[in-house]
Amino acid sequence: MADTMEKIVSLCKRRGFIFQSSDIYGGLANTWDYGPFGVELKNNVKRAWWKANVYERDDIFGMDAAILMHPKVWEASGHVENFFDLKSDCKSCKKRFKSEDLKTAKVCPECGGELTEARPFNLMFKTHRGVIEDASSVVYLRPETAQGMFVNFANILDSRHPKLPFGIAQIGKAFRNEITPGNFTFRTCEFEQMEIEYFVRPEEADKKLEEWIEAHFNWYIDLGINKDNLRKRPHEKEELAHYARACVDIEYRFPFTTRGAQADGTWSELEGIANRTDFDLAQHSKISGKELQYFDDAAKQKFYPYIIEPSGGVDRTVLAFLVDAFCEEKVKDDIRVVLKLHKDLAPTKVAVLPLLRNRPEIVELARKISRDLKKSMVAVYDDTGAIGKLYRRQDEVGTLYCVTVDVQSLEDNQVTVRDRDTMQQERIGIDRIKEYLLNKLS
Ligand code: ATP
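Residues numbered from 1 in each chain as written. Predicted model: local features only at pLDDT ≥ 70, side-chain atom pairs only at ≥ 80, totals over all residues. Heavy atoms only, no water.

1. Looking at the layout of surface pockets
Here is step 1: What the second largest pocket holds in volume is close to 430 Å³.
Here is step 2: Lining the second largest pocket are 17 residues, with Asn44, Arg47, Ala48, Lys51 and Asp344 positioned closest to its centre.
Here is step 3: For the lining of the second largest pocket, the secondary structure elements donating two or more residues are helix H2 (36-55) and helix H8 (205-222).
Here is step 4: No other element matches H2, which puts six residues into the lining of the second largest pocket.
Here is step 5: Counting contributing residues, the lining of the second largest pocket receives three or more from each of domain 1 (2-68 + 152-323) and domain 2 (348-441). (1 Å grid on protein atoms, 1.4 Å probe; cavity = no way out; pocket = protein on both sides within 12 Å on 5 of 7 lines; lining within 4 Å. Points joined across faces, edges and corners; volume = space filled by probe spheres on them. Helix = DSSP H or I, 4+ residues; strand = E, 2+ residues; numbered from the N terminus. Domains from an automatic or database assignment.)

Structure, rendered in structure tokens:
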């Protein structure tokens, strides 16, 4: 288990998916930068999510709110008052623990030392805007993207005139001063969220909650996550956030080995789907003094819609896709490492490789094919090694197809196309190659 996670972290660094932030200065703990393949994978995850949740539906509007918001937003939302974790420090080894992780432990789980009393710790990053650092200049880095959608509820109503049920979707950065960040990109202080606020009639809320849970659970599976590694976990009453009536987490079985891990992995949250009732709109209306009710034309009635909120993390989702796609296969006497990412998520769709890099006609033809493919898909040209090595490198970053140009290609105008997963090879005419690949990718 630990081994798997170590291998994935190492592959991410070696191949350019994820690097330690500020590495040349010794790194900033638990902070990560996405490299050339990482940024493609992350963008593909966000694109797939946006496509399923915005483009393929008639009832969701996209938006992109500012990270900095009026400080009153966080008073109305309850974050200033309630967004605390309880923490204890070990007096001997100085390690810091979330009280909920300590469960019933009375002494430090690391060294057995004495623990301090549990103390509340607000997770919001606070800063100041402008030149004067006083109470009037306080702003927070948003700890969730959700509030940007609640405060724009009336703008969407007035500009797009939707009828219930409808929703707003947003992808963006959020910041939390986590007490125990860790497990690679799973828990960090800066991360991205993909959230939907779906406004419904109160009497429809339970049904819509179920529909969103099903839709989102299936989204992960449709993009290749193994069903056995995914589960739904309803929250216990005492676990619910102050605004929520019900919540179900979609969890993935990560190969983490932190405290509490089972031998077969650790079930950890990818996404929470909650019924937030009318808490948010009623609160913002009360604190801002603005009308945030929905007017039902037919019934001539005003009311606060309930909100169903699917709230997922981009970084955790990317990590789950990486873990799930990571395979080691025995091929003859060797181990082939391959990332079997879904075709919509693979960072590179095709690599064009010359079989002999010292033959200018072959190199020229391969470069020409690659230039042409680049106009229609993410394609790369690579001649930095022998063909076997090039195949292995492309497998490790999940490239779907390798197109090889050889001596024969100069005569018969055909190339060899190799499939990442089956390693089967097929000869295809150069004039048909683009159409052939586009077909496979569609
Ligand atoms: P957890 O219990 O793991 O701290 P949470 O219940 O506080 O998560 P939410 O407030 O429901 O998380 O946030 C919605 C989603 O945002 C989570 O499901 C997760 O995918 C992502 N997320 C939250 N906190 C972090 C973090 N510190 N690092 C990375 N992703 C996060």
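2. Points about the domain arrangement of the protein chain
Here is step 1: If you check the domain split of the protein chain, you get domain 1 (2-68 + 152-323) and domain 2 (348-441).
Here is step 2: A C-alpha centroid distance of 37 Å is found between domain 1 and domain 2.
Here is step 3: At the interface, six residues of domain 1 touch five residues of domain 2.
Here is step 4: Together domain 1 and domain 2 conceal approximately 530 Å² of surface at their shared face, both sides included; 52% is due to carbon and sulfur atoms.
Here is step 5: Here domain 1 is connected to domain 2 by two salt bridges.
Here is step 6: Here Arg15 and Glu396 are joined by a salt bridge, their closest N and O atoms 2.7 Å apart.
Here is step 7: Joining domain 1 to domain 2, the criterion identifies two residue pairs in polar contact (both at pLDDT 80 or more).
Here is step 8: Elements with a minimum of two residues in the side of domain 1 that touches domain 2: helix H1 (2-15) and H2.
Here is step 9: In terms of residues, the side of domain 1 that touches domain 2 owes the most to one element, H1, which gives three residues.
Here is step 10: Residues belonging to the side of domain 1 that touches domain 2 are distributed by class as follows: three nonpolar, one polar and two charged. (Contact = heavy atoms within 4.5 Å. Buried area = accessible area lost by both parts, 1.4 Å probe. Salt bridge = Lys/Arg side-chain N within 4 Å of Asp/Glu carboxyl O. Polar contact = N/O pair within 3.5 Å; in protein donor to acceptor, adjacent residues only side chain to side chain. Nonpolar A, V, L, I, M, F, W, Y, C, P; charged D, E, K, R; others polar.)

3. Observations regarding the site of the ligand
Here is step 1: Not every one of the 15 residues close to the ligand is listed here, only the nearest: Glu178, Arg187, Thr188, Glu269 and Leu270.
Here is step 2: Take Arg176: an N or O atom from its side chain is 3.0 Å from an oxygen atom of the ligand.
Here is step 3: With respect to the ligand, the side chain of Glu178 contributes an N or O atom lying 2.7 Å from a nitrogen atom.
Here is step 4: About the coverage of the ligand: the protein hides 81% of its 600 Å² of free accessible area.
Here is step 5: If you list the elements that add at least two residues to the shell around the ligand, you get strand S10 (190-200), strand S13 (266-275) and strand S16 (306-313).
Here is step 6: A per-element tally of the shell around the ligand places S13 first, with four residues.
Here is step 7: Grouping the amino acids of the shell around the ligand by side-chain chemistry returns three nonpolar, six polar and six charged. (Near = heavy atom within 4 Å. Areas by Shrake-Rupley, 256 points an atom, 1.4 Å probe, with all protein chains shown as cover.)

4. As for the packing of aromatic side chains
Here is step 1: Applying the stated criterion across every chain yields a total of 16 aromatic pairs.
Here is step 2: For the ring pair Phe254 and Phe256, a centre distance of 4.8 Å and an interplane angle of 0° mean the geometry is stacked.
Here is step 3: For Phe254, a relative accessible area of 0% translates into the label buried.
Here is step 4: Three or more aromatic residues link up through ring pairs in this structure, and these residues are Phe61, Phe153, Phe166 and Phe199.
Here is step 5: The ring of Tyr391 is capped by Arg418, whose NZ or CZ atom sits 4.3 Å from the centre of that ring. (Phe/Tyr/Trp six-rings, centres within 6.5 Å; stacked < 30°, edge-to-face > 60°. Buried < 20%, exposed > 50% of the residue type's maximum accessible area, 1.4 Å probe, protein only. Lys NZ or Arg CZ within 6 Å of the ring centre and 35° of its normal.)

5. Some points on the pairing of S13
Here is step 1: Of all the ten residues making up S13, eight are buried; the element is thus mostly covered by neighbouring parts of the structure.
Here is step 2: Judged from the nine bridges that link them, strand S12 (residues 246-254) and S13 form a sheet pairing that is antiparallel. Directly across from Ile250, in S13, lies its bridge partner Glu271.
Here is step 3: Two elements, S13 and S16, share five bridges in a ladder whose sense is antiparallel. Pairing of Ala274 across the sheet is with Glu309, part of S16. (Pairing = 2+ DSSP bridges.)

6. Observations concerning the nonpolar core
For soluble globular proteins, the rule of thumb is that nonpolar side chains tend to be buried together.
Here is step 1: Grouped together as the largest cluster of nonpolar side chains are 80 residues, with contacts concentrated most on Phe17, Trp219, Leu230, Phe254, Phe321, Ile369 and Leu437.
Here is step 2: Residue contributions to this core reach at least three from each of two domains, namely domain 1 (2-68 + 152-323) and domain 2 (348-441).
Here is step 3: In contact with Trp219, other than residues within four places in its own chain, are Val45, Ala48, Trp49, Ala52, Met194, Thr317 and Phe321.
Here is step 4: Met63, Ile156, Leu157 and Leu164 belong to the second largest nonpolar core, which has 18 residues in total. (Core = buried A, V, L, I, M, F, W, Y, C linked by side-chain atoms within 4.5 Å.)

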